[in-house]
Amino acid sequence: ENFRTAFQENDQDEFAIIALRSAHDADPYDLESLLSLGISSTNELDQEEALKCLTNWLRFHPDFNGLPILSTAENLNLDQVEQAFIDASNVK
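First things first, this report covers the structure right here in the doc. (Residues numbered from 1 in each chain as written. Predicted model: local features only at pLDDT ≥ 70, side-chain atom pairs only at ≥ 80, totals over all residues. Heavy atoms only, no water.)

1. Notes on the packing of helix α2 (residues 13–26) against helix α3 (residues 31–43)
Closest axis-to-axis distance for the α2/α3 pair is 9 Å, and the angle between their directions is 150°. By the angle class used here, α2 and α3 are roughly antiparallel. Considering only the axes of α2 and α3, their crossing is left-handed. Facing D13, A16, I17, L20, R21, A23 and H24 of α2, the residues of α3 in contact are S33, L34, S36, L37, S40, S41 and N43. The residue makeup of the contact of α2 with α3, split by class, is 6 nonpolar, 6 polar and 2 charged. (Axes fitted to C-alpha atoms, helices over the stretch in contact; angles between N-to-C directions. Helix = DSSP H or I, 4+ residues; strand = E, 2+ residues; numbered from the N terminus. Parallel < 35°, antiparallel > 145°, perpendicular 65-115°, else oblique. Left-handed = near helix turned anticlockwise from the far one by under 90°. Contact = heavy atoms within 4.5 Å. Nonpolar A, V, L, I, M, F, W, Y, C, P; charged D, E, K, R; others polar.)

2. What to know about the environment of L51
Within the secondary structure layout, L51 lies in helix α4 (residues 47–60). In contact with L51, not counting residues within four places along its chain, are L76, N77, L78 and V81.

3. Observations concerning the packing of α3 against α4
Where α3 contacts α4, the axes come no closer than 8 Å and their chain directions differ by 155°. In terms of axis orientation, α3 runs roughly antiparallel to α4. Of the two elements, α3 crosses α4, and the hand of that crossing is left-handed. Residues L31, L34, L35, L37, G38, S41 and T42 of α3 pack against E49, A50, C53, L54, N56, W57 and F60 of α4. Class assignment of the residues belonging to the contact of α3 with α4 gives a composition of 9 nonpolar, 4 polar and 1 charged.

Dropping the structure here:
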């Protein structure tokens, strides 16, 4: 956890991604790893990986996994993921 955070905080996303992928492989449902991997992938301009991780973060998060948009397709595009996060921000 500390190595992943240190790499991200020091703008060393390529190293953070390596550490985060290991954590994700160990527990594919870990919300912290998914969110951090999505952020680092965004920083590294890997849109496909970022969208996959951020979508899964929403799908596995107990507060947001019931969002209707998440049941529309396996792989969401950028606009759909953006809408899912907007919808999630309105959940209370």
